[in-house]
Every structure is written in structure tokens, then in C-alpha cells.
Amino acid sequence: MPSYDAQRRTPRRHHRVTMKGTERFDADGVKLEPSDVQTREQRDADDDQRILGELPPHWAVFNERGR
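Per chain, residues are indexed from 1 in the order of the written sequence. Note on the predicted model: pLDDT of at least 70 is required for a residue's local features to be given, and 80 or more for side-chain atom pairs to be given and counted; whole-chain, interface and lining totals, by contrast, use all residues. Excluding hydrogens and water, the side-chain figures rest on all heavy atoms present in the structure.

Caption draft 1: Structural context of the overall build of the chain. Labels follow the DSSP assignment, with helices taken as runs of H or I lasting at least four residues and strands as runs of E lasting at least two, numbered in each case from the N terminus. Helix and strand counts for the chain come out as 1 helix and 0 strands. Only protein chains enter the accessibility calculation, which uses a 1.4 Å probe; a residue whose area is less than 20% of its type maximum is buried, one above 50% is exposed, and one in between is partly exposed. Here the chain holds 67 residues, and the buried ones make up 0% of them. For every accessible area listed, the method is Shrake-Rupley and the probe measures 1.4 Å; residues are considered covered only by the protein chains on display. Accessible surface, the chain: about 7800 Å² in total, of which carbon and sulfur atoms supply 52%.

Structure representation (C-alpha cells):
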């Protein structure tokens with residue numbers, strides 16, 4: 001880098017400063033995920049299991065004696 005010269009007639013060019021980002025995430029669509037290779041039926045079955053797991057316990061109890 002040249003030293004400072006007070007008699008310089010042309011302005012110095014600006015040099016862009018770049019820094020490495022601090023983000024730590026994977027962008028969508030960059031890597032293949034397990035859900036990308038599942039069939040429609042497998043996704044539906046996984047959704048059903050997830051929904052049943054989120055329901056309160058008494059929703060899964062069916063009383064057949066009351067009929």
C-alpha cells in the first residue's frame with residue numbers, strides 16, 4: 001500500500017471491505033432432505049402419526065360399550 005502523500009492530486013479509489021458472514025444455516029433447497037425422497041403416502045402417514053401424537057390422550061379413547 002502506498003504511503004500518504006498530501007500533494008496527491010487524484011483522489012484515492014475506495015476499496016471495498018468484505019467480512020465473512022456469521023450466519024449458520026442451510027438455505028432451503030440446497031441439500032437433499034429425507035422428506036424430499038418420501039412418497040405421498042409416506043408423508044400422509046407421517047402427518048397422521050404427528051397429529052395423533054399431538055392430540056390429548058382422551059381424544060384417542062373410543063368407548064364401544066356405549067353403542
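The discussion continues.
Caption draft 2: Quick peek at a nonpolar patch on the surface. Only residues whose relative accessible area exceeds 30% and that form no salt bridge are eligible for patches; like-charged ones are grouped when within 9 Å, while nonpolar side chains (Val, Leu, Ile, Met, Phe, Trp, Tyr) are grouped when within 5 Å. Here, a salt bridge means any side-chain nitrogen of Lys or Arg that lies within 4 Å of a carboxyl oxygen of Asp or Glu. A contiguous nonpolar patch, built from I51, L52 and L55 and spanning about 260 Å² of accessible area, is present on the exposed surface. Assignment of secondary structure puts L55 in the segment after helix 1 (40-54). A relative accessible area of 34% places L55 in the partly exposed class.

Caption draft 3: Examining a negative patch on the surface more closely. Under the counting rule used here, the positive set is Lys and Arg, the negative set is Asp and Glu, and His together with the chain ends is not counted. The location of each charge is read from NZ of Lys, CZ of Arg, CG of Asp or CD of Glu. Residues E41, D44, D46, D47 and D48 make up a contiguous surface patch of negative charge. Structurally, D47 can be placed in helix 1. In this structure D47 comes out as partly exposed when scored by relative accessible area, which is 35%.

Limitation: the analysis is restricted to geometry and does not speak to function.
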